[in-house]
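Each chain, written out:
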Amino acid sequence: PLYGICGDLPLPRLGCLLVPPEIAQMEWADGSIRWTVFVPSGYNSGTTGFFMLDLEGGLDGTWTEGASQDFVYHEFDSSGDGLSPVTVVDNVNDDHLVDRVYAGDLDGNLWVAYNNGGTMTTAYTSGGAEVPYFKANQPITSAPAVGLGMNGGQDPNIMILFGTGKYLENSDLSDTADQYFYS
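The rules behind the values
Note that residues are indexed from 1 along each chain, following the sequence as it is written. Local features in this predicted model are restricted to residues of pLDDT 70 or higher, and side-chain atom pairs are both shown and tallied only at a pLDDT of 80 or more, whereas totals for entire chains, interfaces and linings draw on every residue. Neither water nor hydrogens contribute to the side-chain values; these are computed over all heavy atoms in the structure. Going along the chain from the N terminus, every DSSP run of H or I of four or more residues is numbered as a helix, and every run of E of two or more is numbered as a strand. With the radius of gyration taken over C-alpha atoms, the globule rule is written as 2.2 Å times the number of residues to the power 0.38. Whether two residues are in contact is decided by their heavy atoms, any of which lying within 4.5 Å being enough. Per-residue accessibility takes into account occlusion by the displayed protein chains alone, with areas from the Shrake-Rupley method and a 1.4 Å probe. For two strands to be treated as a pair, DSSP must find at least two bridges joining them. Each residue carries a pLDDT value, the predictor's own confidence for that position, ranging from 0 to 100. To qualify as a nonpolar core, a set must consist of buried Ala, Val, Leu, Ile, Met, Phe, Trp, Tyr and Cys residues joined through side-chain atoms within 4.5 Å. Here's how the labels work: a residue is buried when its accessible area is under 20% of the maximum for its type, exposed when over 50%, partly exposed in between, all with a 1.4 Å probe on protein chains only. A side-chain nitrogen of Lys or Arg and a carboxyl oxygen of Asp or Glu constitute a salt bridge if their distance falls within 4 Å. All axes here are fitted lines through C-alpha atoms, helices being fitted over the stretch that makes contact, and every angle between N-to-C directions spans 0 to 180 degrees.

Digging into the overall build of the chain
Helices and strands together make up the secondary structure of the chain, namely zero helices and 14 strands. Listed by position from the N terminus, the elements making up the chain come as β-β-β-β-β-β-β-β-β-β-β-β-β-β. Taking 2.2 N^0.38 as the reference for a compact globule, 183 residues should give roughly 16 Å; the C-alpha atoms of the chain span a radius of gyration of 16 Å, in line with that estimate. Across its three principal directions, the C-alpha atoms of the chain cover 50 × 45 × 30 Å. Contacts spanning at least 24 positions in sequence make up 53% of the contacts within the chain whose residues lie at least 6 apart. With an accessible surface of roughly 9,400 Å², the chain has 49% of that area assigned to carbon and sulfur atoms.

Here we look at the sheet that holds strand β14 (residues 181-182)
Spatially, three strands are ordered β12-β13-β14 in an open sheet, and the strand pairing comes out antiparallel. Across the chains shown, the open sheet's two edge strands, defined by having one partner strand only, are β12 (145-148) and β14. Across two bridges, the pairing between strand β13 (residues 158-163) and β14 is antiparallel. When the sheet's bridge partners are listed, G163 is paired in β14 with F181.

A closer look at the confidence of the model for the chain
Low-pLDDT portions of the prediction should not be read for the details of their coordinates. Across the chain, the average pLDDT comes to 87, with 91% of residues at or above 70. Note on residues 1-9: pLDDT is under 50 here. Beyond four places in sequence and across chains, it has 14 contacts.

Description of the nonpolar core
One recurring pattern in soluble globular proteins: nonpolar side chains tend to sit buried together. Counting 16 residues, the largest nonpolar core has F38, F50, V98, V101 and M120 as its most contacted members. Among the elements that take part in this core, strand β5 (residues 83-89) stands out by supplying three residues, more than any other. Setting aside its immediate chain neighbours within four residues, V101 contacts F38, F50, V86, T87, V88, W111, V112, A113 and M120.

Description of the pattern of salt bridges
This model, assessed by the stated rule, comprises five salt bridges. Linking D30 and R34 is a salt bridge whose minimum nitrogen-to-oxygen distance equals 2.9 Å. The exposure class of D30 is partly exposed, given its relative accessible area of 41%. Under the relative-accessibility criterion, R34 is labelled buried at 10%. A salt bridge links E169 to K166; its shortest N-O distance comes to 2.5 Å. You can call K166 partly exposed: its relative accessible area is 25%.

Considering the pairing of strand β8 (residues 119-122)
Of the two faces of β8, only one is covered, namely that formed by M120 and T122; the face formed by T119 and T121 stays uncovered. Between strand β7 (residues 109-116) and β8, which follow one another and run antiparallel, lie two residues, and G117 among them has a positive phi close to 65 degrees.

Brief notes about the sheet that holds strand β1 (residues 22-27)
What the four strands build is an open sheet, ordered β1-β2-β3-β4; its pairing is antiparallel. Pairing within the sheet leaves two strands with one partner each, and these edge strands are β1 and β4 (71-77). Here the average twist between neighbouring strands, direction ignored, is 30 degrees. Note that strand β3 (residues 48-54) and β4 share six bridges and pair antiparallel. Each residue of the ladder has a partner; that of T48, found in β4, is D77.

Topic: the pairing of strand β6 (residues 100-105)
Along β6, six of the six residues are buried, which leaves the element largely enclosed by surrounding structure. In β6, alternate side chains face the same way, and those of R100, Y102 and G104 on one face and V101, A103 and D105 on the other are all buried. Of the pairings in the sheet, the one linking β5 to β6 comprises five bridges and is antiparallel in character. In the sheet register, T87 faces β6, and the bridge partner there is Y102. Between β6 and β7, which pair antiparallel in sequence order, lie three residues; one of them, G108, sits at a positive phi of approximately 85 degrees.

Right, here's the structure in full:
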């Protein structure tokens, strides 16, 4: 079980996880700087998003959800089928705190969230609805890589690199569809 909390937290939003979580420092909504565990919702979770768990949360034997509590869930898509592994990035001001989170999903969406005063916010919207940064139309099942961008002076000055493909189910063994790499 993940940190021994799978039975303690009401986590119907937590699906199948295949990789370890990311751990980094982040500013929370109450202004505190905390070591934070970033956990994708995983596959077959019924939602696309990620958890942010205070590394010291639950020490009293209980877990409380909320911006100034033990964990927060950031949801990109309430009808999605889970989020692939996340990549956390400090790219805005070199303060060594998480500024952005990048991740893909089984629907081929590449999602981006940014830290907005201690609260994660989906970076892109259209008509008031949260939308992915990019839609590949094929599953993205590995964490995106992030590198220094080539357009100096723009914020964020980074490149996001990711590929498509899925190797999670028996039917994936015989899938010969072309897959792609994006940057």
